[in-house]
Amino acid sequence: MLTLDEEKQLLEKIKENPELFGKIFDAYYKPMFNYIFHRIADYDISRDVAADTFLKAYLNINSFTWKNVSIITWLYRIATNEINYYYRKNSVTKLSLDLLGSQASILFEFDDYQTEKQLIEEELRLNEDFDRVQRSLRKLNIKYQEVLSLRFFEKKSLKEISEILDKKEGTIKSLLSRGLDKLKIEFNSAT
Amino acid sequence: MNKKGIMENNFEDKMENLNTPNTDFVKHQEILKIGMMNARKSARIGIVFILIPMLLIVLAYLKIKLLIHWDFFNRLQQFVSNQNQSSVLSWVLHIIFIGLPILAIIINLLAITHFYVDKLNKELTITIRYRFKNLIVLLISAVLVVLVFMYVLLLNKV
């Protein structure tokens, strides 16, 4: 993780040398992938969404205006929009995401794709409760999914969620409260 | 903690203590980073690769269409069309006028395309990302390759 000062200096340097964006990529890829995976629960799709998130950030980094808020907040916002876009695009599959499990694999890669995918799927199996909560969460409206996942999966504070989603803290609080009730109902009726 | 456990206790507290899958071990980002950071480089390298053939085409256009004769181009044209070149020089010219633009096409195509296999529906999906610079270089390279091929064909007929 970078400090706010480091981020500010880095952003200045990126304006002259865009390739320094690699440092932001290195510092924040893992937490962003983690967030995306917690929202989507599919390795392949999460990789794609993470790639789109960082590509968008890379292409728009010079339009980012420094407001003393960590760049990760901006990355969370882009990732959230990308996830929402993915769900809108796949509104039919949203209802039965089981179908999507591992349907997309990337060709022409020489990394340990299969091993990594198996490890992630194993992680999901080990966290059975998370898997159940996640399945119930996906049935809720996107606005509830956003706040609930940021609060309970990413352990973000109300202030952080309000910065990421660009909504008032009061709005976040009420979305959380209503969302939690809805999630509880979904979760209890799941089996 | 099982589902029954969650139901029995306070749901919010349980959500607060919910364990989430850890994905910190992922390494795939290295490949992603190379592809992403190299997109601009691909466009730049592509421009270098097509610079000489592009110059030749522009000069040819100036000579044929606008009737602007430059001695430099006349000499270059003679040099390129010379049938008595050594085989090494002939290969170098082929590489510059055909090889490099084709290489520029390949590099920029790889920078903007992604391939997915949909195992469930047995489909291959090819996605082309909209990256203006790469697309422009790709387009110019393709036009250059076509023009150079046409030039070579006409030269052989004559």
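The residue count restarts for each chain, going from 1 along the sequence in the order it is written. The order in which chains are written sets their letters, starting at A; the order in which ligands are written sets their numbers, starting at 1. Local features in this predicted model are restricted to residues of pLDDT 70 or higher, and side-chain atom pairs are both shown and tallied only at a pLDDT of 80 or more, whereas totals for entire chains, interfaces and linings draw on every residue. Each side-chain value is worked out from all heavy atoms of the structure, with water and hydrogens disregarded.

Participant: So, the overall build of chain A: which residues are in play, and what are the values?
Facilitator: In this description a helix means any DSSP run of H or I spanning at least four residues, a strand means any run of E spanning at least two, and both kinds are numbered starting from the N terminus. Regarding its fold elements, chain A presents 10 helices and one strand. Each helix and strand of chain A, placed in order from N terminus to C terminus, yields the pattern α-α-α-α-α-β-α-α-α-α-α. Between buried and exposed lies partly exposed: a residue is buried under 20% and exposed over 50% of the maximum accessible area for its type, with that area taken using a 1.4 Å probe on protein chains only. By residue count, 52% of the 191 residues in chain A fall in the buried class. We call two residues contacting when some pair of their heavy atoms lies within 4.5 Å. Counting only contacts in chain A whose residues sit at least 6 apart along the sequence, the fraction spanning at least 24 positions is 67%.

Participant: Explain the packing of aromatic side chains to me, and be specific about the residues and the numbers.
Facilitator: In this description, a pair of aromatic rings is defined by centroid distance and the angle of the planes. The pairing test for Phe, Tyr and Trp rings, Trp by its six-membered ring, is centres within 6.5 Å, and the orientation test on the planes gives stacked under 30 degrees, edge-to-face over 60, and tilted for anything in between. Tallying each qualifying case throughout the model produces 12 aromatic pairs over all chains. For the ring pair A:Phe187 and B:Phe11, a centre distance of 5.8 Å and an interplane angle of 50° mean the geometry is tilted. Linking A:Phe187 in helix H10 (residues 169-188) with B:Phe11 in helix H2 (residues 11-16), this pair reaches from one chain into another. Members of the aromatic cluster, each reached through a chain of ring pairs, are A:Phe25, A:Tyr29, A:Phe33, A:Phe37, A:Tyr43 and A:Phe54.

Participant: Lay out the packing of helix H9 (residues 158-165) of chain A against H10(A) in plain terms, naming residues and giving numbers.
Facilitator: Residues and elements named next belong to chain A. In this analysis an axis means a line fitted to C-alpha atoms, helices contributing only their contacting stretch, and an angle means the value between N-to-C directions, from 0 to 180 degrees. One can describe the packing of H9 onto H10 by two numbers: an axis separation of 9 Å at closest approach and a directional angle of 105°. Overall, the two elements H9 and H10 adopt an arrangement that is roughly perpendicular. Counting all contacts with H9, which are made through Leu158, Lys159, Ile161, Ser162 and Leu165, the residues of H10 involved are Glu169, Ile172, Lys173 and Leu176. Under the convention adopted here, Pro, Cys and the residues Ala, Val, Leu, Ile, Met, Phe, Trp and Tyr are nonpolar, Asp, Glu, Lys and Arg are charged, and Gly plus all remaining residues are polar. Looking at the contact of H9 with H10 residue by residue, the classes come out as five nonpolar, one polar and three charged. Each angle is binned into one of four classes, with values under 35 degrees roughly parallel, values over 145 roughly antiparallel, values of 65 to 115 roughly perpendicular, and all other values oblique.

Participant: I'd like a rundown of helix H4 (residues 71-89) of chain A, residues and numbers included.
Facilitator: By definition here, a helix of n residues has an expected span of 1.5 Å times n minus one. Its 19 residues place the ends of H4(A) 27 Å apart at the C-alpha level, agreeing with the 27 Å of an ideal helix rising 1.5 Å per residue. In terms of burial, H4(A) is a largely internal element, 14 of the 19 residues being buried.

Participant: Explain the confidence of the model for chain B to me, and be specific about the residues and the numbers.
Facilitator: A residue's pLDDT is the confidence the predictor assigns to it, expressed on a 0 to 100 scale. Averaged over all residues, the pLDDT of chain B is 78; the fraction at 70 or higher stands at 82%. Scored by ipTM, the complex comes to 0.77, with pTM at 0.67.

Participant: Summarise the pattern of salt bridges; cite the residues concerned and give the values.
Facilitator: Whenever Lys or Arg places a side-chain nitrogen within 4 Å of a carboxyl oxygen from Asp or Glu, that contact is recorded as a salt bridge. Applying the stated criterion to the full structure yields 10 salt bridges over all chains. Between A:Arg132 and A:Glu128 there is a salt bridge, and its shortest N-O distance comes to 2.9 Å. Taken together, the positions of A:Arg132 and A:Glu128, both in helix H7 (residues 128-137) and four residues apart, correspond to about one turn of that helix. Classification of A:Arg132 by relative accessible area gives partly exposed; the value is 29%. Accessibility expressed as a relative area gives 45% for A:Glu128, which makes it partly exposed. Here B:Glu16 and A:Arg151 are joined by a salt bridge, their closest N and O atoms 3.0 Å apart. Taken together, the residues span two chains, with B:Glu16 in helix H2 and A:Arg151 in helix H8 (residues 142-153).

Participant: Quick one: what's the story with the confidence of the model for chain A, residue by residue and with numbers?
Facilitator: All names here are of chain A. Of the residues in chain A, 88% reach a pLDDT of 70 or more, and the chain-wide mean stands at 86. Averaged pLDDT values for the elements of chain A fall to 39 in strand S1 (residues 104-106) and rise to 96 in H8. Across residues 92-111, where pLDDT falls below 50, the model places 47 contacts with residues more than four positions away in sequence or in other chains.

Participant: Can you lay out a nonpolar patch on the surface for me, pointing to particular residues and giving the numbers?
Facilitator: Where nonpolar side chains cluster on the molecular surface, the patch consists of B:Leu55, B:Tyr61, B:Leu66, B:Ile68, B:Trp70 and B:Phe72 and spans about 630 Å² of accessible area. Here B:Ile68 lies in the loop between helix H3 (29-64) and helix H4 (71-81). For patch detection, residues must exceed 30% relative accessible area and be free of salt bridges, and they are connected within 9 Å for like charges or within 5 Å for nonpolar side chains (Val, Leu, Ile, Met, Phe, Trp, Tyr). Here the Shrake-Rupley method, with its probe set to 1.4 Å, supplies the accessible areas, and only the displayed protein chains count as covering residues.

Participant: Can you tell me about the nonpolar core, naming the residues and giving the values?
Facilitator: Definition of nonpolar core: a set of buried residues of the types Ala, Val, Leu, Ile, Met, Phe, Trp, Tyr and Cys, connected through side-chain atoms within 4.5 Å. Ranked by size, the top nonpolar core spans 65 residues in total, and within it A:Phe21, A:Ile24, A:Phe54 and A:Leu148 carry the most contacts. Considering each element in turn, this core owes the most residues, 12 residues, to helix H2 (residues 21-40) of chain A. Among all residues touching A:Ile24, those that are not within four sequence positions of it are A:Leu10, A:Leu11, A:Ile14, A:Tyr29, A:Phe54, A:Ile61, A:Ile71 and A:Leu75. Core analysis: the second largest hydrophobic core is formed by eight residues, B:Leu59, B:Leu62, B:Leu93 and B:Ile98 among them.

Participant: Hey, could you go over the environment of A:Ala190 for me, with residue numbers and the actual values?
Facilitator: Inspection of the secondary structure puts A:Ala190 in the segment after H10. According to the relative accessible area criterion, A:Ala190 is partly exposed, its value standing at 45%.

Participant: Which residues make up H9(A), and what are the values?
Facilitator: Residue and element names in this part refer to chain A. Where H9 is concerned, the buried positions are Ile161, Ser162, Ile164 and Leu165. Burial along H9 is one-sided: seen end-on, the buried residues are contained in an arc of 165°. Turning to H9, the residues buried within the fold contact H4, H8 and H10. Immediately downstream of H9, the backbone of Asp166 shows phi near 55°, a positive value. An arc is given here, and it is the one of the directions from the helix axis to the C-beta atoms.

Participant: Describe unusual backbone geometry, listing the residues and the values that go with them.
Facilitator: Residue and element names in this part refer to chain A. Even without being glycine, Asn68 reaches a positive phi, approximately 65°. Relative to the helices and strands, Asn68 resides in the loop between helix H3 (43-60) and H4. On the basis of relative accessible area, Asn68 is assigned to the exposed category, the value being 55%. Here Asp166, not a glycine, exhibits a phi torsion of approximately 55°, which is positive. Tracing the backbone shows Asp166 in the loop between H9 and H10.

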